Amino acid sequence: MMKPALTLYLAAPRGFCAGVDRAVKIVEMSLEKWGAPVYVRHEIVHNKYVVDTLRDKGAVFVEELDECPVDRPVIFSAHGVPKSVPAEAERRNMIYVDATCPLVSKVHLEAERHAEEGLQIIMIGHTGHPEVIGTMGQLPEGEVLLVETAADVATLEVRDPEKIAWITQTTLSVDDTAEVVAALKARFPTLVGPGKDDICYATTNRQAAVKAVAPQVEALLVIGAPNSSNSKRLVEVGRNAGCAVSHLIERATDIPWDALEGLEKVGLTAGASAPDALIEEVLNAFKDHFDLTVETVETAKERIEFKTPRIFRHDA
């Protein structure tokens, strides 16, 4: 029986970013340096396949530091942690490695700099996301206020409306964030912001690629975990860019084949914490179902790499 023809538009960039790649390498290098088990506070990145693969190699994932024995190394996830966490690790004389993405660390430093200048900070982000918890935890309670939408801006209670700065979670929708920033600027004319948007290059690039693909396809699939902020934003961006049938899938077993029946053009991308192995798995599933033509839609080239911590480059 002949397979139906389908053109798959593959967005580029897609998949792992430099910060995620670095974080995964840190866990692997920790296992090589200290042997199993090594402990990881929170999922190192938001992807079950990645977490399960590292768990099979000897990583133990926990939610809080008090779940870790003091005689084994602990790694802090790519999302960052409140200052209280490394302080507690030091108090307990633990070996710890910080796998926080350098672009998240940059936001932490921005927040501290604003606070030193006497500014109260408004963070744009999602309540309960580990990156938001980590960033807000760089400063005492009340110094960082959180908003999610432009509507939230109207109800903010600030200390001094003329001494306000804003920062953002790194994995937000570029367009949605611009709306919130506009609302902040309208309410606080002296608002101080970052020199360049805090939304990271990888998030921005993947959203731009989806915007290029979405108008050309009848359905869009985003490979990513349901707790991955940047992956969920890609689904939203796809819908807003003209592809109403946009789905988040974790791997090939989640492909909604019924929704793709009769279609001729489908888009595919992957969030910044989705590994190449899952992209290949999905591509192979499409080859099994269709007479497949693959077209790459590239909107940017990424050459950024982040160094691993010094503890792996020199003896501690």
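See the structure printed just above.
So, here's what we can say about the structure. All chains use their own residue numbering, which begins from 1 and follows the written sequence. Where totals are concerned, whole chains, interfaces and linings use all residues; where local detail is concerned, this predicted model gives features only for residues with pLDDT of at least 70, and gives and counts side-chain atom pairs only at 80 or more. Hydrogen atoms and water are omitted, and side-chain values are computed over all heavy atoms in the structure.

Examining the overall build of the chain
Helix and strand definitions here come from DSSP, where helices need a minimum of 4 consecutive H or I residues and strands a minimum of 2 consecutive E residues; each element is numbered from the N-terminal end. A tally of regular secondary structure across the chain gives eleven helices and twelve strands. The atom set for the radius of gyration is the C-alpha atoms, and the globule formula is 2.2 Å times the number of residues raised to the power 0.38. A compact globule built from 316 residues would reach a C-alpha radius of gyration of about 20 Å, and the chain, at 21 Å, matches this within 12%. Taking the principal axes of its C-alpha atoms as reference, the chain extends roughly 65 × 55 × 30 Å. When the 316 residues of the chain are sorted by exposure, 52% land in the buried category. Within the chain, contacts between residues separated by at least 24 positions form 76% of all contacts whose residues are at least 6 apart in sequence. Taking the 33 positively charged and 48 negatively charged side chains of the chain as two groups, their mean positions are separated by 5 Å. Think of it in three bands: residues with accessible area under 20% of the maximum for their type are buried, residues over 50% are exposed, and the middle band is partly exposed, with areas taken using a 1.4 Å probe on protein chains only. Contacts are assigned to residue pairs with any non-hydrogen atoms lying within 4.5 Å of each other. When charges are counted, neither His nor the chain ends are considered; positive counts come from Lys and Arg and negative counts from Asp and Glu. By convention, charge coordinates are those of NZ in Lys, CZ in Arg, CG in Asp, or CD in Glu.

Side note on the pattern of salt bridges
In what follows, salt bridge is the name for a side-chain nitrogen of Lys or Arg lying within 4 Å of a carboxyl oxygen of Asp or Glu. Following the criterion strictly, the structure yields 15 salt bridges and no others. We note a salt bridge from Glu88 to Arg91, for which the minimum N-O separation is 2.9 Å. Linking Glu88 with Arg91, this pair stays in helix α3 (residues 84-91), spanning three residues, or about one helical turn. The exposure class of Arg91 is exposed, given its relative accessible area of 59%. Lys301 serves as the salt-bridge partner of Glu298, at 3.1 Å between the closest nitrogen and oxygen. On the accessibility criterion, Lys301 (55% relative accessible area) is exposed. One continuous salt-bridge network, built from bridges that share partners, spans Lys48, Asp52 and Arg55.

Concerning the environment of Glu179
Within the secondary structure, Glu179 is located in helix α7 (residues 174-187). Separated by 28 residues in the primary sequence, Glu179 and Ala151 place their C-alpha atoms 9.7 Å from one another.

Section: the packing of helix α8 (residues 201-213) against helix α9 (residues 229-240)
Note on method: axes are straight lines fitted to C-alpha atoms, helices fitted across the in-contact stretch only, with angles between N-to-C directions ranging 0 to 180 degrees. Orientation of α8 relative to α9, taken along the N-to-C sense of each, is 30 degrees, at an axis distance of 9 Å. Considered as vectors, α8 and α9 are oriented roughly parallel to each other. Seen from above, α8 lies across α9 with right-handed handedness. Between α8 and α9, the contacting residues are Thr203, Arg206, Gln207, Val210 and Lys211 on the first element and Asn230, Arg233, Leu234, Val237 and Gly238 on the second. Relative orientations are named as follows: roughly parallel for angles under 35 degrees, roughly antiparallel for angles over 145 degrees, roughly perpendicular for angles from 65 to 115 degrees, and oblique for any other angle. In this scheme the crossing of two helices becomes right-handed for a clockwise turn of the near helix relative to the far one and left-handed for an anticlockwise turn of less than a right angle.

Looking at unusual backbone geometry
Between Ala12 and Pro13 the backbone carries a cis peptide bond, its omega angle lying at 5 degrees. Here Pro13 shows up in the loop between β1 (5-12) and α1 (18-34). Of note in the backbone geometry, His42 takes a positive phi value of approximately 75 degrees without being a glycine. Relative to the helices and strands, His42 resides in the loop between β2 (38-41) and α2 (48-57).

Details of the nonpolar core
Side chains of a nonpolar character, in soluble globular proteins, are inclined to be buried together. Take the buried Ala, Val, Leu, Ile, Met, Phe, Trp, Tyr and Cys residues and link them wherever side-chain atoms come within 4.5 Å; each set so joined is a nonpolar core. Counting 29 residues, the largest nonpolar core has Val27, Ile44, Leu54 and Ile75 as its most contacted members. Of all the secondary-structure elements, those providing two or more residues to this core are α1, β2, α2, β3 (59-62), α4 (102-116) and α8. Here this core takes seven residues from α1, the largest share from any one element. In contact with Leu54, not counting residues within four places along its chain, are Val24, Val27, Glu28, Leu31, Ile44, Ala59 and Phe61.

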